[in-house]
Amino acid sequence: MSPTATGPAGADPQQPFEVSAAELLLVLQQALGGPQTVQLEGDGARRLCAIEPLDRAGPQAISFLANPRYRSQLLTSRAGAVLLAPAAREALPAGCTGLITPDPYHAFARLTQWWAARTRPAAVPGVHPSAVLDPTARLGAGVSIGPLAVVEAGAEIGDGAVIGAQCHIGRNARIGARTRLAPQVVVGFDCVVGADGLLHSGVVIGADGFGLAPTKQGYVKIEQLGAVRIGDAVEIGANTCIDRGALGDTVIGHGVKLDNLIQIAHNVQLGEHTAMAGCSAIAGSTVVGARCTIGGGAGVLGHLRIADEVHVSAQSTVSRSLDTPGQYTGFFPLDDNRSWEKNAVTLRQLHRLRERVRALEARLGEPASDSSPTVPATLTAPSAAPDAS
Amino acid sequence: MSPTATGPAGADPQQPFEVSAAELLLVLQQALGGPQTVQLEGDGARRLCAIEPLDRAGPQAISFLANPRYRSQLLTSRAGAVLLAPAAREALPAGCTGLITPDPYHAFARLTQWWAARTRPAAVPGVHPSAVLDPTARLGAGVSIGPLAVVEAGAEIGDGAVIGAQCHIGRNARIGARTRLAPQVVVGFDCVVGADGLLHSGVVIGADGFGLAPTKQGYVKIEQLGAVRIGDAVEIGANTCIDRGALGDTVIGHGVKLDNLIQIAHNVQLGEHTAMAGCSAIAGSTVVGARCTIGGGAGVLGHLRIADEVHVSAQSTVSRSLDTPGQYTGFFPLDDNRSWEKNAVTLRQLHRLRERVRALEARLGEPASDSSPTVPATLTAPSAAPDAS
Amino acid sequence: MSPTATGPAGADPQQPFEVSAAELLLVLQQALGGPQTVQLEGDGARRLCAIEPLDRAGPQAISFLANPRYRSQLLTSRAGAVLLAPAAREALPAGCTGLITPDPYHAFARLTQWWAARTRPAAVPGVHPSAVLDPTARLGAGVSIGPLAVVEAGAEIGDGAVIGAQCHIGRNARIGARTRLAPQVVVGFDCVVGADGLLHSGVVIGADGFGLAPTKQGYVKIEQLGAVRIGDAVEIGANTCIDRGALGDTVIGHGVKLDNLIQIAHNVQLGEHTAMAGCSAIAGSTVVGARCTIGGGAGVLGHLRIADEVHVSAQSTVSRSLDTPGQYTGFFPLDDNRSWEKNAVTLRQLHRLRERVRALEARLGEPASDSSPTVPATLTAPSAAPDAS
């Protein structure tokens, strides 16, 4: 069950796909590490032809219960089979086949991979005659190059990699084994993508970082002399951009997962297994640790250091380095427009309001309960100016 | 006056285009539903060769007054003709031809459509010889396929549809009648776009949703087994992304209008005639009602339900379900940097400030005027973790 | 040292590149305006084969010290040569060659340009046989058209311009002399890009602005009849979008620098030498002055006027016109999640808190220290509705 999800030759999407619960038991045991990882409860002969959520699943569908919050949905589900944890076993409806496993969400993920490999046509190895390959490009065994793709001089495509239609692989770029590029991905010159990756359409790897020297005559471009290095098993969502470094490379660790429309600026380093949701951004030279999560729309300013296992909530702005793991948040709470207006106008006088409270306290002889009003360095305004590295 | 705005064969953009006010009267009456919809006041023989805003229009241009706020501009306008409401009739300058209609903005929109159809060259039906079409792709009557486009096996292109240069239409995807794709649009396998749509360059329909199961060894991909279904008369702006569903489809209702650089995550549902401005985003599985507007840069978190006719202001974050129509806002008000610093630092002690006020009130024997400081569920931090559906 | 950074014929990226400090002295003197602009201190024979940051540079690398904050790095640097200001001269380590110049950052920028021109292969003039050119397209001298590019009827490509692989140049569009387009850029019909520009992959110039007239039957499209006009020496980052105007053009001034994933809406005007960082956005019809900086993720609402030399901090929202130069900020300060929750919930009662403070003041006979609680017009909610111009 490779993450590339390319199916056996001959998978036919028109042909309805069907499998028994007992067959799935074997598939999941193999994927998860042995017979002890999954147990069957109920009818192993049950035929299944779809994966569906609990509340929509019919008798020919397999579903899953990962979050105990949805346990009530299990009680009334019409699903033919369900992946569930041992603790939820007693909620299994009569006549529903259970596949009992400690981490049903992980099992579900493996199931979708196996399913996709059997229901989606695999990329066909070979070079489409309309593709434009420089004669010095090197292709590994079983590579697939789609129609109208361009592979420039010196580029290397690893064994089993899939270069989608209309992709552009720049000069001396390297794509790792089994990595798949959807149509219309751009990988710039000298950039390196690891093995077992997945890049979605519109991804741009290796555009110039935003480096400019201000002068009296306007900005002077700082040529970006680095590249981008991406580890193994990295997934990058549609229209996401990762810029090349100014001096040295922008580096994306193994197992990083990026959603759509993300901006990774020059010389950023993302630690292994960090995940970023859609429309988030990391400004130049910031180093993000391993196993972090960055919520959708969140922004991390430049030249910061973020520790391992930091979790940034959606729509929040990180304007200082964070050296302690934990969850961090900072967005204005939504309100009806009229309430927001009233609170927002008051917010612009908040510092003054605190001084008024302090004056009242002093008047009443309260002990000084207020900490210093000094602005900490962590709140100083981020520079909006583009920088070099 | 079809929304596809393709012109008559032979439209020549080099040739100056000119029309009389009386001819436009007929055009608009036909577009808006009959002779009663528009009346002419003044010289019907007035020749017009441009559409321009009131403050820039010259005597050969037609303009419009939709917002009463700009009425003073009408008084001094040099426009040759103006679309205006009956209430503004008396402000019509001497010598300016009036086209009186209850909704001048709507009439203006129809006028631009008619104008574009006459001044812009139409796409030429036929398949450009450089396009790569799978022999099993099915093309309707009058379809135009641009240079270097790719249409994969089993795809269906409806009558009169336009597939721009370098587009990619995935396996078994369907494009509705008269829908137009600008150059370099990607529509993924199995995805469906309705009739009379318009997709701008860089749009990516059907990239994988961001579904990952966390394990000790890193994230395991959840294959996204659904597709994207888009209704009729939908416009989608440049570089906007709509991801395919995890289980089941992502669904975009009829008449939805999306601006540029928008992110629609997997299994989102957008109700009919909802409009979203640039750089906004909807996270996974959220259901947005009909006739909503989402302002630019706004973000709606995942797994929420937004009622019909909810209007979210620009740059605001929706972190809870909204079951009441209305306008909602939440962004930090701009200030000069020094004031912001002082207020922001105080904001981080706001809860403490309230406690100090309460203490003062208690000291003075004020009745308890404070509601509970309990954090409501609606403000709990959104998870930054990617999810499955 | 042209900004196009195309190198001499025969530059070979496989060949290690090496230069002496004395040669670089001459190069920089020529670039910066004469012998008085740069002085050499130390060994001019020093061989250099890389540009590296101070803390990573080895004895064969040249580095730079622009920000006095990093002076301590100079003291311990192993760099073979360093660009530095006269004031930092005494910190030059023994054995390190100094290139003394008043603005080392500017000198560094020029150095990177010269370096790139010598280490990166130049685009080869000529039209790749796989490109699709309309016979009426006009190409200047020395133009390079990459593989699978499309140039439509009436388009004009200036002398020495580079159209990257798989680009699309629309009908009657014009690209200025020496401007370079990376692969997969789209320039729409009638749009104009000036000379000496650089457009990165995924850029979309001239998609339709978001113009819609609301009616009871849904939105009616306002055809966008204008185009986009871009000045000289403009750089545009990956996947950035600049929409065409509704009536009249969207206008980008000379020397403007845009980072990745930026949205410029219809009829915006950006003044000369304004720079915008990644993921920022300007809504429709807003006029931004010259020499402004807009931080990453910041948003400027529509129909506003921003003066010259306004600096907007990252992640801030500009909801009113700004007629005074200066730095402006407005984002919610990050906090640990629990503190944020407590402060955010209190923020939704802030107006009420102020009233409570006022009541306490009145009770104690304090003079009225509070300004009016009236909501200023500058805080009224921005409309989320799309508009025409």
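About the thresholds
- Throughout this description, residue numbers start from 1 for each chain and increase along the sequence as written.
- To read the labels, note that chains go from A and ligands from 1, taken in the order they are written.
- Reporting of local features is limited, given that this is a predicted model, to residues whose pLDDT is at least 70; pairs of side-chain atoms are given and counted only at 80 or more, and all residues count toward the totals for whole chains, interfaces and linings.
- The basis for the side-chain values is all heavy atoms of the structure; hydrogens and waters are excluded.
- A run of DSSP states H or I qualifies as a helix once it reaches four residues; a run of E qualifies as a strand once it reaches two. Both are numbered from the N-terminal end.
- To sort residues, take the accessible area from a 1.4 Å probe on protein chains only and compare it with the maximum for the residue type: under 20% means buried, over 50% means exposed, and anything in between is partly exposed.
- Here, two residues are considered to be in contact whenever any of their heavy atoms come within 4.5 Å of each other.
- When the copies are superposed, the least-squares fit draws on C-alpha atoms of residues that have pLDDT of at least 70 in both.
- By definition, the buried area sums, over both parts, the 1.4 Å-probe accessible area that each loses when the two are put together.
- When a carboxyl oxygen of Asp or Glu lies within 4 Å of a side-chain nitrogen of Lys or Arg, that pair is called a salt bridge.
- Counted as a polar contact is a pair of N or O atoms within 3.5 Å, where, for protein atoms, one must be capable of donating a hydrogen and the other of accepting one, and residues adjacent in sequence contribute only when both atoms are in side chains.
- Every residue gets a pLDDT, meaning the predictor's confidence in that residue, from 0 to 100.
- Pairs were defined over the aromatic rings of Phe, Tyr and Trp, the Trp ring being its six-membered one, requiring ring centres within 6.5 Å. Orientation was assigned from the angle between planes: stacked under 30 degrees, edge-to-face over 60, tilted for the rest.
- Two strands form a pair only when DSSP identifies at least two bridges running between them.
- UniProt positions are given in the numbering used here, feature names are shortened, and annotations may be inferred rather than shown by experiment.
- Think of each axis as a best-fit line through the C-alpha atoms, taken over the contacting stretch in the case of a helix, with angles from 0 to 180 degrees between the N-to-C directions.
- Left-handed describes a crossing whose near helix is turned anticlockwise from the far helix through less than a right angle; right-handed describes the clockwise counterpart.
- Ten residue types, Ala, Val, Leu, Ile, Met, Phe, Trp, Tyr, Cys and Pro, are classed as nonpolar, four, Asp, Glu, Lys and Arg, as charged, and the remainder, Gly among them, as polar.
- Every helix has an expected span of 1.5 Å times one less than the residues it contains.

## Some remarks on the overall build of chain A
Each helix and strand in chain A was counted, giving five helices and 40 strands. Seen along its three principal axes, the alpha-carbon backbone of chain A occupies a region of about 80 × 65 × 40 Å. Residues counted as buried form 62% of the 389 residues belonging to chain A. Taking contacts inside chain A between residues at least 6 apart in sequence as the whole, the part at least 24 apart equals 24%.

## Observations concerning the relation of the copies chain B and chain C
When chain B is fitted to chain C, the best match, at an RMSD of 0.0 Å, comes from turning it 120° and sliding it 0.0 Å along the axis. Put plainly, the chains are arranged around a three-fold axis. Identified as the residue of chain B closest to the rotation axis by C-alpha distance is F332(B), at 3.5 Å.

## Brief notes about the interface of chain A and chain B
With 90 residues of chain A at the interface, the matching set in chain B holds 88 residues. In total, chain A and chain B occlude about 7200 Å² of area from one another, counting both sides; carbon and sulfur atoms represent 63% of this. Applying the counting rule to chain A against chain B returns four salt bridges. At the junction of chain A and chain B, the tally comes to 27 residue pairs in polar contact (both at pLDDT 80 or more). Sorting the residues of the side of chain A that touches chain B by element identifies α3 (104-119), β28 (257-258), β31 (275-276), β34 (293-294), β39 (326-329), β40 (335-336), α4 (337-347) and α5 (350-363) of chain A as the ones contributing at least two each.

## Observations concerning the confidence of the model for chain A
Residue and element names in this part refer to chain A. Model confidence for chain A is summarised by a mean pLDDT of 91, while 90% of its residues fall at 70 or above. Contacts from residues 380-389, a stretch scored under 50 in pLDDT, to residues over four places away or in other chains number 39 contacts. Here the complex is predicted with pTM 0.94, and the ipTM for its interfaces comes to 0.93.

## Thoughts on the packing of aromatic side chains
Residue and element names in this part refer to chain A. Applying the stated rule across the entire model yields 24 aromatic pairs over all chains. For the pair F64 and Y105, a centre-to-centre distance of 5.8 Å together with 40° between the ring planes defines the contact as tilted. Pair noted here: F64 is in strand β5 (residues 61-64) and Y105 is in helix α3, with a separation of 41 residues, a long-range link.

## Observations concerning the pattern of salt bridges
Under the defined criterion, the tally for this structure stands at 45 salt bridges over all chains. Across the pair E235(A) and K221(B) runs a salt bridge, and its minimum N-O distance is 2.9 Å. Of this pair, E235(A) sits in strand β25 (residues 235-236) while K221(B) sits in strand β23 (residues 218-221), each in a different chain. For E235(A), a relative accessible area of 6% gives the class buried. E355(C) is the partner of R352(C) in a salt bridge, and the nearest nitrogen-oxygen pair spans 3.9 Å. Of this pair, R352(C) and E355(C) both sit in helix α5 (residues 350-363), separated by three residues, roughly a single helical turn. We classify R352(C) as partly exposed; its relative accessible area is 37%. Residues participating in the shared-partner salt-bridge network are E18(A), E23(A) and R47(A).

## Remarks on the interface of chain B and chain C
Each partner contributes to the interface: chain B provides 90 residues, whereas chain C provides 88 residues. Between chain B and chain C the total buried area reaches about 7200 Å² when both faces are included, carbon and sulfur atoms providing 63% of it. Connecting chain B to chain C are four salt bridges. A salt bridge links D335(C) to R348(B); the nearest nitrogen and oxygen atoms lie 3.4 Å apart. The tally of links from chain B across to chain C stands at 26 residue pairs in polar contact (both at pLDDT 80 or more). Elements that contribute at least two residues to the side of chain B that touches chain C include exactly α3 (104-119), β28 (257-258), β31 (275-276), β34 (293-294), β39 (326-329), β40 (335-336), α4 (337-347) and α5 (350-363) of chain B. No other element matches the nine residues that α3(B) contributes to the side of chain B that touches chain C.

## Considering the pairing of strand β39 (residues 326-329) of chain C
Where β40(B) lies against β39(C), two bridges are found, and the strand directions are antiparallel. Each bridged residue has a counterpart across the sheet, and for D335(B) the counterpart in β39(C) is T329(C). As paired elements, strand β37 (residues 310-312) of chain C and β39(C) share three bridges and run parallel to each other. Paired with H311(C) across the two strands is Q327(C), which belongs to β39(C).

## Thoughts on the UniProt feature "active site" (unreviewed entry) in chain A
Residues and elements named next belong to chain A. The UniProt feature table records "active site" (unreviewed entry) at H266. Looking at the secondary structure, you find H266 in the loop between β29 (263-264) and β30 (269-270). Reaching out from H266, the side chain makes a polar contact with the side chain of Q224 at a distance of 2.7 Å.

## What to know about the side chain of T112(A)
Along the chain, T112(A) turns up in helix α3. At 2.6 Å, the side chain of T112(A) and the backbone oxygen of A109(A) are in polar contact. Apart from the residues within four sequence positions on either side, T112(A) is in contact with I51(A), K221(B), I222(B), E223(B) and L225(B).

## Concerning the packing of α5(A) against α5(C)
One can describe the packing of α5(A) onto α5(C) by two numbers: an axis separation of 11 Å at closest approach and a directional angle of 35°. Where α5(A) crosses over α5(C), the two elements pack in a sense that is left-handed. Facing α5(A), whose interface residues are L350(A), L353(A), R356(A), V357(A) and L360(A), α5(C) presents L350(C), L353(C), R354(C), V357(C), R358(C), L360(C) and E361(C). Among the residues making up the contact of α5(A) with α5(C), the classes are represented as eight nonpolar, no polar and four charged.

## Some details on α3(B)
Across its 16 residues, α3(B) extends 22 Å between first and last C-alpha, which sits within 8% of the 22 Å expected from 1.5 Å per residue. The element α3(B) is largely enclosed, with a buried count of 13 among its 16 residues.

## Observations regarding the environment of I294(C)
If you trace the backbone, I294(C) turns up in strand β34 (residues 293-294). Put simply, I294(C) and G146(C) are 148 residues apart on the chain and 33 Å apart in space, counted from C-alpha to C-alpha.

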